[in-house]
Amino acid sequence: MPAEKIQKIRSERDIGRDELKFLLETDDVDALRSLRENAREVADEVYGRRVYIRGLIEFTNYCKNDCYYCGIRRDNRNAQRYRLGEDEILSCCAHGYELGFRTFVLQGGEDPYFTDDKICSIVSKIKKNHPDCAVTLSIGEKPRESYQAYFDAGADRFLLRHETADQSHYGKLHPAEMSLENRMRCLWDLKEIGYQVGCGFMVGSPYQTIDTIYEDLQFIRKLGPHMVGIGPFIPHKDTPFGKEKLGTMDMTLRLLSIIRLLVPNVLLPATTALGTIHPQGREKGIMAGANVVMPNLSPLSVREKYLLYDNKISTGMEAAECRDDLEKRMRSIGYEVVTARGDCAGFAV
Ligand code: SAM
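Since the model is a prediction, treat every value here as computed from it, not as a measurement.

Student: Please clarify how the site of the ligand should be interpreted in this entry.
Tutor: Taken together, 18 residues form the shell around the ligand, and within it Tyr69, Gly108, Arg161, Glu163 and Ile234 come nearest. One of the backbone nitrogen or oxygen atoms of glycine 108 is found 3.1 Å away from a nitrogen atom of the ligand. Between arginine 161 and the ligand, the recorded distance is 2.9 Å, taken from a side-chain N or O atom to an oxygen atom.

Now the structure itself:
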């Protein structure tokens, strides 16, 4: 693909199906270098050579859903379940604050124990203790009123990967009681309420095709999210997809670059899953156009239980204690870890 084609994708912020197919399948090293360099240039133009950090608190692995890919799905009897109490969550934040984190991401399964009142209480206490910090929730599909209540309690951002924008693909990843329609409804509600919203998908999930990815990208363009979370699919042995193929780092990096060109201002994490499949996965993610990393702030005793997939890393660079190491690694590729809330560029706070 000539470099002008990549320039055109960059300037039009759009990609054709054939261009996508080419970029995901080619071995043309010049085309791939040009893709990566254009994506990095765009990220540098918007955010400079900065990497934002978010402290991830995986506060419950109970889940009422039964997604076929996920290690904490309801029907996985081998999962050792846990939930953190409000005080434990608040002390994770206090510890994270000391380490320099200014965004806390509370992620969990869809756990009915955490009622709206409990979530609102946790959010408002974090905001009261740390008024200069942003709170991101990633707790799944809820009625609009619940999202509104969390927002009113002070939540700033919400991550809800759409998982796939293709109806039939969605049906192959989830049981019949879940629907793409409801997932999309949630994302639009969150946006209307005023959250900074993140969608996303797994790269290399079973039954994914170039066409479903094309739909994902078009959906991302339409939603105009503030964040996009993509990472490789990694099988978990105790799920129906335990024997499926692993998503690749290469494909994830290509897609990170493409997404950076389509939505230049977006906050794009180099995810834990990317760090799990390759020791330099996250550095490579940054070099491909990502600008966020989310080290783990959960107490060490529970980290090994939030097992979405096999071999999930939980003691290396993803651990918040290793901030120095993270800084060193990012500096080695020319990037600086910053202690700032790191809102989406152009989003008035
Ligand atoms: N329950 C919330 C939700 O549905 O958004 C948040 C927790 S959920 C476990 C977070 C994300 O983990 C999902 O959106 C999914 O994309 C990712 N995930 C789950 N299983 C995975 C796997 N086997 N490989 C890679 N990512 C996975």
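Student: I'm lost on the packing of helix α1 (residues 3–12) against helix α3 (residues 29–47) in this one. Help?
Tutor: Each packed pair of helices is defined by two parameters, the angle between the axes and the distance between the axes. Following both chains from N to C, one finds α1 and α3 inclined at 30°, their axes separated by 10 Å at the closest point. In terms of axis orientation, α1 runs roughly parallel to α3. Both α1 and α3 take part in a crossing whose hand is right-handed. For the pair formed by α1 and α3, the contact residues are Ala3, Ile6, Gln7 and Arg10 on the first element and Ala31, Ser34, Leu35, Asn38, Glu41, Val42 and Glu45 on the second.

Student: Sorry if this is basic, but what is going on with the nonpolar core here?
Tutor: In this structure, Leu137, Tyr150, Leu217, Ile258 and Ile259 are the most contacted members of the largest nonpolar core, which totals 93 residues. At eight residues, the largest contribution of residues to this core is made by helix α10 (residues 249–262). If we skip the residues at most four places from it in the chain, isoleucine 259 touches Phe201, Leu217, Ile220, Val228, Ile230, Val266 and Leu268.

Student: For this particular structure, what's the right way to read the sheet that holds strand β1 (residues 50–53)?
Tutor: Each strand in a sheet pairs with another by means of backbone hydrogen bonds, the pair being arranged parallel or else antiparallel. Across the sheet, three strands lie side by side as β8-β1-β9; this open sheet has parallel pairing. Edge positions in the sheet fall to β8 (292–293) and β9 (336–338), since each of these pairs with one other strand and no more. Relative to β9, β1 runs parallel, the two sharing three bridges. Paired with valine 51 across the two strands is valine 337, which belongs to β9.

Student: What is the right way to read the side chain of threonine 26 from this model?
Tutor: Structurally, threonine 26 can be placed in the loop between α2 (17–25) and α3. Residue class for threonine 26 comes out buried when judged on its relative accessible area of 9%. The contacts of threonine 26, once residues within four sequence positions are left out, are Leu32 and Arg254.

Student: Any chance you could explain unusual backbone geometry here in plain terms?
Tutor: Trans peptide bonds make up the majority, and among non-glycine residues the majority have a negative phi. Non-glycine residue glutamate 163 carries a positive phi angle of around 75°. On the basis of relative accessible area, glutamate 163 is assigned to the buried category, the value being 9%. A positive phi is found at asparagine 311, a non-glycine position, where the angle reads about 60°. With respect to the element layout, asparagine 311 can be found in the loop between α13 (300–303) and α14 (323–332).

Student: Sorry, what's going on with the packing of aromatic side chains here?
Tutor: For any two aromatic rings, the description comes down to two numbers: the centre-to-centre distance and the angle of the planes. Evaluated as defined, the whole model comprises 10 aromatic pairs. Ring geometry for tyrosine 147 against phenylalanine 158: centres 5.0 Å apart, planes inclined by 75°, an arrangement best described as edge-to-face. Residue tyrosine 147 is found in helix α6 (residues 144–153), and its partner phenylalanine 158 is found in strand β5 (residues 157–159); the two are separated by 11 residues along the sequence. Here phenylalanine 158 falls in the buried class, since its relative accessible area comes to 0%. On the basis of an interplanar angle of 85° and a centroid distance of 5.9 Å, the ring pair of phenylalanine 158 and tyrosine 195 is categorised as edge-to-face. Of this pair, phenylalanine 158 sits in strand β5 while tyrosine 195 sits in the loop between α8 (180–193) and β6 (196–203), and the two are 37 residues apart along the sequence. Across the pair, exposure class does not vary: phenylalanine 158 and tyrosine 195 are buried alike. One Lys or Arg, arginine 83, reaches over the ring of tyrosine 62 and ends 3.9 Å from the middle of that ring. Just above the ring of tyrosine 97 sits the side chain of arginine 102; from NZ or CZ to the centre is 3.5 Å.

Student: Explanation requested: the side chain of arginine 183 in the structure shown.
Tutor: Residue position: arginine 183 is located in helix α8. A distance of 2.9 Å separates a polar atom in the side chain of arginine 183 from a polar atom in the side chain of glutamate 141. The contact partners of arginine 183, leaving out residues within four places of it in the chain, are Glu141, Leu160, Arg161, His162, Glu163, Tyr170 and Met178.

Each value, and the rule that gives it
Each residue is numbered by its place in its chain's sequence as written, counting from 1. Only residues with pLDDT of 70 or above have their local features reported here, since the model is predicted, and side-chain atom pairs are shown and tallied only from 80 upward, although totals for entire chains, interfaces and linings are computed over all residues. As a rule here, side-chain values come from all non-hydrogen atoms in the structure, and water together with hydrogens is ignored. To be near a molecule or strand, a residue needs just one of its heavy atoms within 4 Å of it. Think of a polar contact as two N or O atoms within 3.5 Å of one another; within protein, one of them needs to be a possible hydrogen donor and the other a possible acceptor, and neighboring residues in sequence only count if both atoms come from side chains. Orientation is described by axes fitted as lines to C-alpha atoms, over the contacting stretch for helices, and by angles from 0 to 180 degrees between their N-to-C directions. Under the DSSP-based scheme used, a helix requires at least four consecutive residues in state H or I and a strand at least two consecutive residues in state E, with every element numbered from the N terminus. When describing relative orientation, an angle under 35 degrees is termed roughly parallel and one over 145 degrees roughly antiparallel, while 65 to 115 degrees is termed roughly perpendicular and anything else oblique. In this scheme the handedness of a crossing depends on how the near helix is turned from the far one: anticlockwise by less than a right angle means left-handed, clockwise means right-handed. Any pair of residues with heavy atoms lying within 4.5 Å of one another is described as a contacting pair. Among buried residues, the Ala, Val, Leu, Ile, Met, Phe, Trp, Tyr and Cys ones that are joined through side-chain atoms within 4.5 Å form a nonpolar core. Think of it in three bands: residues with accessible area under 20% of the maximum for their type are buried, residues over 50% are exposed, and the middle band is partly exposed, with areas taken using a 1.4 Å probe on protein chains only. What makes two strands pair is DSSP finding at least two bridges between them. The rule is short: rings of Phe, Tyr and Trp, with Trp giving its six-membered ring, pair when the centres are within 6.5 Å, and they are stacked under 30 degrees, edge-to-face over 60, tilted in between. Any Lys NZ or Arg CZ that is within 6 Å of a ring centre and within 35 degrees of that ring's normal is treated as a charge sitting over the ring.

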